[in-house]
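Report on the structure
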Amino acid sequence: MVQSIVDTKFAVSNTQAYESGVVPRRGETVMVAGEGCWMIDSEGQRYLDLTSSQGVAMLGYGHPVLTEAIQEQAGRMHACPNFFHNDTRAEFLSRLNSVTPDHLTRAFLGNSGAESIDGAIKFARLATGRTGIVAARNSFHGRTIGALSITWNPRYRRKFEPLLPDVSHVQFNNVDQLDEAVGDGTAAVVLEVVQAEGGVHVGSAEFLAAAQQLCRERGAMLVVDEVQTGFGRTGSWFGFQHFDLEPDIVALAKGLGGGFPMGAVVYTDEIQESLFSGAHGSTFGGNPLACAAGIAALGVYEDGLIEQAERAGRRLWEALEAAIGSRRVVREIRGKGLLIGVDLRTKAVPFLKTLMEEHKVLALPAGSTVLRLLPPLTISNEEIEMAVEAIAATLPDSV
Ligand SMILES: Cc1ncc(COP(=O)(O)O)c(C=O)c1O
């Protein structure tokens, strides 16, 4: 029985997980269940999950509100084509509308982060009649051909070239480079306000404000990629709210459905006017099951989880600073809310392996030297203490 699960896992497994060292190469661990902030393998071993399954299980695993909503909807209607109105979809859209800024009145529903980015690129092209995209070095926007074209890491991109034309990458937080790159052929500037996978780099207020101003002056769309930073991850509903930005387009996924696969592009009325019939679409996008999960997740976020995430983020940060902040091996601890990077003076992957194998704690890499922590927003004080103790026991005092 377990053998067949392992075979399936190899067949469908995400190669990135092997590269990153999160899953040991022997591939022996088979995760079969989750409970709160814990994952449980086929041997009954429990792991404290500081990854939220790559940032999606924001409510942890088995949250009763999410589980019940999915079960109820599955029993009633799990699919409904987009050419019919659907009650669950309508309710979800209205809830999403109520938590996003007032000027973002439109939403396209898809299934993943990369798909949201692809939609954002298409909408920006139509709205401006231009093709250029300016993104940032160290950005990560996904792996479909469109999203990959603006993702920075050349290792992910090189073998798929030629990709989309007219894409340039400026140094993150470098206003001069941005000023030079945004011109009259620029359809969009696409940015994460906290670069996650690229190394947990927080955008500077000056850089992000300049991005907005340059877009306004030069007729380009400001697209914020909130796929990883949305829904409380950084301690506010959306990361761009820390910087008082008013993006034209926001790409969402991960936490949107509390871990149920779904994505969305939210955008303005003005952009809607430039879309033609058939400009974009998705068979599965906006399916009732995902929308039911989305309604449930939004309800839990609204019920105080965002504030709880902000408090937990501060606590985790302070505990890390106290336990390991002065160690020589730690170059810097940075991030926002519950998206925290511990930048090391050495490679991160060996420590991730030790954390998992010896301490049963799961974390992610970000770039080559950063341990990335993005636990479920429901993480308790006790779990934060356990996590920090394990990290402190794993990292050496010196390099
Ligand atoms: C900021 C950001 N954008 C886009 C994506 C792509 O999302 P997905 O893997 O759902 O396609 C990710 C995934 O990690 C991400 O972190």
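Read on for a plain summary of the structure. The model shown is predicted, which means the values in this text are computed figures rather than measured ones.

Quick word on the overall build of the protein chain
For the protein chain, the count of helices and strands is 14 helices and 17 strands. Projected onto its principal axes, the C-alpha coordinates of the protein chain cover approximately 55 × 55 × 40 Å. Within the protein chain, contacts between residues separated by at least 24 positions form 71% of all contacts whose residues are at least 6 apart in sequence. Split by element, the accessible area of the protein chain, about 17,300 Å² in all, is 50% carbon and sulfur. Once the 34 positive and 47 negative side-chain charges of the protein chain are each reduced to a mean point, those two points are 7 Å apart.

Let's talk about the packing of helix H13 (residues 349-359) against helix H14 (residues 381-394)
Running from amino to carboxyl end, H13 crosses H14 at an angle of 120°, the nearest separation of the two axes being 10 Å. By the angle class used here, H13 and H14 are oblique. Relative to H14, the crossing made by H13 is right-handed. Along the contact surface, H13 presents Phe351, Thr354, Leu355 and His359, while H14 presents Ala390, Ile391, Ala393 and Thr394. When its residues are assigned to classes, the contact of H13 with H14 shows 5 nonpolar, 3 polar and no charged.

Observations regarding the sheet that holds strand E16 (residues 364-366)
Pairing in this open sheet of 4 strands is antiparallel, and the strands run E13-E14-E17-E16 from one edge to the other. Both edges of this open sheet fall to strand E13 (330-336) and E16, since each of them pairs with a single strand only. Taking each pair of neighbouring strands and ignoring which way they run, the sheet shows an average axis angle of 30°. In this structure, strand E14 (residues 339-344) lies alongside strand E17 (residues 370-373), joined through 4 bridges in antiparallel fashion. Looking at the pairing, isoleucine 340 lines up with leucine 373 of E17. Each of E13, E14 and E17 is contacted by helix H12 (residues 288-324), which is oriented at about 175° to E13, the strand it contacts most.

Quick look at the side chain of arginine 157
For arginine 157, the location among the structural elements is in helix H8 (residues 154-157). Here arginine 157 sits buried without a salt bridge, and the closest side chain of opposite charge, glutamate 161, lies 4.2 Å off (N-O distance). Of note is the side chain of arginine 157, whose polar atom sits 2.9 Å from the backbone oxygen of tryptophan 152. Those residues in contact with arginine 157, other than ones at most four positions away along the chain, are Leu148, Ser149, Thr151, Trp152, Leu163 and His169.

Things to note about the environment of glutamate 321
Following the sequence through the fold, glutamate 321 ends up in helix H12. Accessibility expressed as a relative area gives 35% for glutamate 321, which makes it partly exposed. Sequence spacing of glutamate 321 and valine 342 is 21 residues, and the spatial spacing of their C-alpha atoms is 9.8 Å. When near neighbours in sequence (up to four residues on either side) are disregarded, glutamate 321 contacts Ser326 and Ile333.

A word on the packing of aromatic side chains
What describes a pair of aromatic rings is the distance from one ring centre to the other and the angle between the planes of the rings. All chains considered together, the criterion is met by 11 aromatic pairs. Where phenylalanine 108 meets phenylalanine 123, the ring centres are 6.3 Å apart and the plane angle is 90°; that geometry is what we call edge-to-face. Placement of phenylalanine 108 in strand E4 (residues 106-110) and of phenylalanine 123 in helix H6 (residues 113-128) is noted, with a sequence separation of 15 residues between them. Counting every residue linked through ring pairs, the aromatic cluster contains Phe231, Trp237, Phe238, Phe240 and Tyr301. Residue placement shows arginine 143 over the ring face of tyrosine 156; its charged tip is 4.4 Å from the ring centre.

Some thoughts on the site of the ligand
Residues in contact with the ligand, as listed here, are Ser112, Gly113, Ala114, Phe140, His141, Gly142, Glu192, Asp225, Val227, Gln228 and Lys254. In this structure, an oxygen atom belonging to the ligand sits 2.8 Å away from a main-chain N or O atom of glycine 113. In this structure, a nitrogen atom belonging to the ligand sits 3.4 Å away from a main-chain N or O atom of phenylalanine 140. Protein coverage of the free-state accessible area of the ligand, which is 390 Å², stands at 80%.

Let's talk about the pattern of salt bridges
Here the structure, examined in full by the defined rule, presents 13 salt bridges. The partner of arginine 334 in a salt bridge is glutamate 332, with the nearest N and O atoms 2.8 Å apart. Residues joined in a network through salt bridges with shared partners are Arg331, Glu332, Arg334 and Asp343.

Here's the deal with unusual backbone geometry
Put simply, glutamate 161 and proline 162 share a cis peptide bond, and its omega is 5°. Among the structural elements, proline 162 can be located in the loop between H8 and strand E6 (167-170). The phi dihedral of serine 52 is positive, around 50°, even though this residue is not glycine. Structurally, the position occupied by serine 52 is in helix H3 (residues 52-55). A relative accessible area of 0% places serine 52 in the buried class. Residue glutamine 54 is not a glycine yet carries a positive backbone phi of 60°. Looking at the secondary structure, you find glutamine 54 in helix H3.

Structural notes on helix H5 (residues 87-99)
End to end, H5 covers 19 Å across 13 residues, agreeing with the expected 18 Å (1.5 Å per residue, within 8%). Looking at H5, one finds that the buried residues are Thr88, Arg89, Phe92, Leu96 and Val99. Burial along H5 is one-sided: seen end-on, the buried residues are contained in an arc of 95°. Looking at where H5 begins, the residue whose side-chain oxygen comes 3.1 Å from the main-chain nitrogen of threonine 88 is asparagine 86.

Criteria and thresholds
- Just so you know, the residues in each chain are numbered from 1, in the order the chain's sequence is written.
- Where totals are concerned, whole chains, interfaces and linings use all residues; where local detail is concerned, this predicted model gives features only for residues with pLDDT of at least 70, and gives and counts side-chain atom pairs only at 80 or more.
- For side-chain calculations, the full set of non-hydrogen atoms in the structure is used, while hydrogens and water are omitted.
- Secondary structure follows DSSP: runs of H or I at least 4 residues long count as helices, runs of E at least 2 residues long count as strands, and numbering of each begins at the N terminus.
- The contact definition used throughout considers only heavy atoms, calling two residues in contact when any of these lie within 4.5 Å.
- Accessibility throughout is a Shrake-Rupley quantity obtained with a 1.4 Å probe, and a residue counts as covered only by protein chains that appear here.
- We score Asp and Glu as negative and Lys and Arg as positive, and we do not count His or the chain ends.
- To locate a charge, take NZ of a lysine, CZ of an arginine, CG of an aspartate or CD of a glutamate.
- Each axis is a line fitted through C-alpha atoms, and for a helix only the stretch in contact is used; angles between axes span 0 to 180 degrees, taken between their N-to-C directions.
- When describing relative orientation, an angle under 35 degrees is termed roughly parallel and one over 145 degrees roughly antiparallel, while 65 to 115 degrees is termed roughly perpendicular and anything else oblique.
- Each crossing gets its handedness from the near helix: less than a right angle anticlockwise from the far helix is left-handed, clockwise is right-handed.
- Side-chain classes follow a simple rule in which Ala, Val, Leu, Ile, Met, Phe, Trp, Tyr, Cys and Pro form the nonpolar group, Asp, Glu, Lys and Arg form the charged group, and the remainder, Gly included, forms the polar group.
- Strands were regarded as paired on the criterion that DSSP finds at least two bridges between them.
- Only protein chains enter the accessibility calculation, which uses a 1.4 Å probe; a residue whose area is less than 20% of its type maximum is buried, one above 50% is exposed, and one in between is partly exposed.
- In the sections that follow, a salt bridge refers to a side-chain nitrogen of Lys or Arg positioned within 4 Å of a carboxyl oxygen of Asp or Glu.
- Here a polar contact is taken to be a pair of N or O atoms separated by no more than 3.5 Å, where protein atoms must pair a possible hydrogen donor with a possible acceptor and residues adjacent in sequence count only if both atoms sit in side chains.
- For Phe, Tyr and Trp, rings pair up if their centres lie within 6.5 Å, where Trp contributes its six-membered ring, and each pair is then called stacked (planes under 30 degrees apart), edge-to-face (over 60) or tilted (otherwise).
- A ring is scored as having a charge over it whenever the NZ atom of a lysine or the CZ atom of an arginine sits within 6 Å of its centre and within 35 degrees of its normal.
- For this description, a residue counts as near a given molecule or strand if any of its non-hydrogen atoms is within 4 Å of it.
- An expected span of 1.5 Å times one less than the residue number is assigned to each helix.
- For this quantity, the arc is that covered by the directions from the helix axis to the C-beta atoms.

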